[in-house]
Amino acid sequence: MQQAISRVAVETKSILVALLVLMFSITVLASLVWFAGLEFTDTGAFGSTVSTSLALVITMSFVGGYLWQKPKNTSRLRRFNFYVNMTFLSISHGAVAFLLGMAATSIASHYTPTITMNPLFMSSIIAFVLSAGAYAMYSHAAFMSASRLAGLYVVFIAAGALASMLTSQNTTWLQHHFSALGAGDSVSSYAFNLTMIVGGFLMVALSDYLVMDIEQIKRNHQLHKKIRMNFLRVVFVVVGVCSIGIGIFPYDKFLLVHNIFANAMTISFIALVVSIPWTVPMFSKPFIVQSYVIVSIAAAVYAQFFVGDLNILIIELIDAALLFMWMILFVRQIAAIRLDQPTLPAS
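Everything numeric in this text was worked out from a predicted model, so none of it was measured. (Residues numbered from 1 in each chain as written. Predicted model: local features only at pLDDT ≥ 70, side-chain atom pairs only at ≥ 80, totals over all residues. Heavy atoms only, no water.)

Visitor: Got a minute to help me understand the overall build of the protein chain in this structure?
Guide: In terms of regular secondary structure, the protein chain is built from 11 helices and zero strands. Listed N to C, the secondary structure of the protein chain is α-α-α-α-α-α-α-α-α-α-α in terms of helices and strands. Counting the 347 residues in the protein chain, one finds 44% classified as buried. When contacts within the protein chain are restricted to residue pairs at least 6 apart in sequence, long-range pairs at least 24 apart make up 78% of them. Within the structure as shown, the protein chain displays about 17300 Å² of accessible surface, and the carbon and sulfur contribution to it stands at 70%. (Helix = DSSP H or I, 4+ residues; strand = E, 2+ residues; numbered from the N terminus. Buried < 20%, exposed > 50% of the residue type's maximum accessible area, 1.4 Å probe, protein only. Contact = heavy atoms within 4.5 Å. Areas by Shrake-Rupley, 256 points an atom, 1.4 Å probe, with all protein chains shown as cover.)

Encoded structure:
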């Protein structure tokens, strides 16, 4: 999907988009202050305005930048995959901006519950924040790659979990597990379940990028013909589908189905890590050894649950961190191999 893109052209468009967002935001916000009496009387109101506006700007800026990667002269299926990925990637970026904004607001409102600044001044701050976000996101989307997408996935899951924890009214979830955040009908549960659903689509999109990178590696080097691309794609898609299932079927309403998806997701990740010497044989031996070490640590931590030394929440935190760390290393290994081949464009 990555094509030869002029960085100068992208940078120029990024600046232009940022200027347009700045002028439009200042005009709209100033009009709301003067004619609609917009005021920011507390940190929560200011934060919700910033978060919502930033999410919209980030989503639209991502779409504009991502269109640089639009495939040309390809099959309908490839073009369909492009627009599906663009839809969910733009939504997820907007969601990350919103969730991080709300999390920051929740923390800030605890220490500074009131705001005494002039509404027009506050509107100017919002406009500059939106402009900076538009600039960064446009160029980021134009050069989207597997490495960036993997990083986004980790940040998105972390931001969603953090927002759900900070807005949760149920203080007992700490005594249970992460899935408890998705129980009930509250802002916290909606944030958690939506995070799992969109995160699943991100994982499916990541599989597309990884497969395309590996396809280019195989075309360039006869030694890499033994890579099991279909197996990799299937595993990543299964992990994504399981994540979506966890979000659609909360544990308090669909306990059996929820647990099936959760366990299948864990098993799929472990199967991928253990099978690395067979699926991607050109990976370095240190990475393979490290992969087995990560799985061993994760298994040892999980075993502590039966001993009774750790509760399930702490075990989930540690194992999730280990798996996310491995996924980042896995994607970076593929990117490093691809970049080492001089005939391939950099991702």
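Back to the write-up after that little detour.
Visitor: Whenever I open this one, the packing of aromatic side chains confuses me. Can you help?
Guide: Two aromatic rings, taken as a pair, are described by how far apart their centres are and by the angle between their planes. The full count for this structure, using the stated rule, is seven aromatic pairs. Seen in terms of ring centroids, Tyr66 and Phe82 are 5.0 Å apart; in terms of plane orientation they differ by 10°. Their pairing is stacked. Highlighted residues: Tyr66 in helix H2 (residues 43–66) and Phe82 in helix H3 (residues 76–111), separated in sequence by 16 residues. Accessibility classification places Tyr66 together with Phe82 in one group, the buried group. Arranged with centres 5.1 Å apart and planes meeting at 25°, the rings of Trp326 and Phe330 form a pair that is stacked. Linking Trp326 with Phe330, this pair stays in helix H11 (residues 312–339), spanning four residues, or about one helical turn. Of the two residues, Trp326 and Phe330, both sit in the buried class. An aromatic cluster is present here, built from Phe62, Tyr66, Phe82 and Tyr83 joined pairwise through their rings. (Phe/Tyr/Trp six-rings, centres within 6.5 Å; stacked < 30°, edge-to-face > 60°.)

Visitor: Just checking my understanding: could you explain the nonpolar core for this structure?
Guide: If you look at the biggest cluster of nonpolar residues, it comprises 70 residues, and the most contacted ones within it are Tyr66, Leu149, Leu206, Phe283, Trp326 and Phe330. The element that contributes the greatest number of residues to this core is helix H6 (residues 187–220), accounting for 12 residues. In contact with Phe330, not counting residues within four places along its chain, are Leu210, Leu232, Phe236, Ile276, Val280, Phe283 and Phe287. (Core = buried A, V, L, I, M, F, W, Y, C linked by side-chain atoms within 4.5 Å.)

Visitor: Help me understand a nonpolar patch on the surface, please; the structure alone is not making it clear to me.
Guide: Among the surface-exposed residues, Ile15, Leu16, Leu19, Leu20, Met23 and Tyr135 lie close enough to one another that they form a single nonpolar patch of about 560 Å² accessible area. Per element, the largest residue contribution to the nonpolar patch is five residues, and it comes from helix H1 (residues 7–35). Assessed through its relative accessible area of 31%, Tyr135 is described here as partly exposed. (Patch = residues over 30% accessible without salt bridge, like charges linked within 9 Å, V, L, I, M, F, W, Y side chains within 5 Å. Salt bridge = Lys/Arg side-chain N within 4 Å of Asp/Glu carboxyl O.)

Visitor: Would you mind going over the environment of Ala97 with me for this structure?
Guide: With respect to the helices and strands, the residue Ala97 is situated in helix H3. Residues Ala97 and Leu54 lie 43 residues apart in sequence; the distance between their C-alpha atoms is 6.4 Å. Among all residues touching Ala97, those that are not within four sequence positions of it are Leu54, Ala55 and Ile58.

Visitor: Is there a simple way to think about helix H7 (residues 229–248) in this case?
Guide: In an α-helix, one turn spans 3.6 residues; hence positions three or four apart end up facing the same way. Taking 1.5 Å of rise per residue, 20 residues should cover 28 Å, and H7 covers 29 Å from first to last C-alpha, within 8% of that figure. Taken residue by residue, H7 has Met229, Leu232, Val235, Phe236, Val239, Gly240, Cys242, Ser243, Ile244, Gly245, Ile246 and Gly247 as its buried positions. (Expected span 1.5 Å × (residues − 1).)

The values reported here are purely geometric and, on their own, carry no functional implication.
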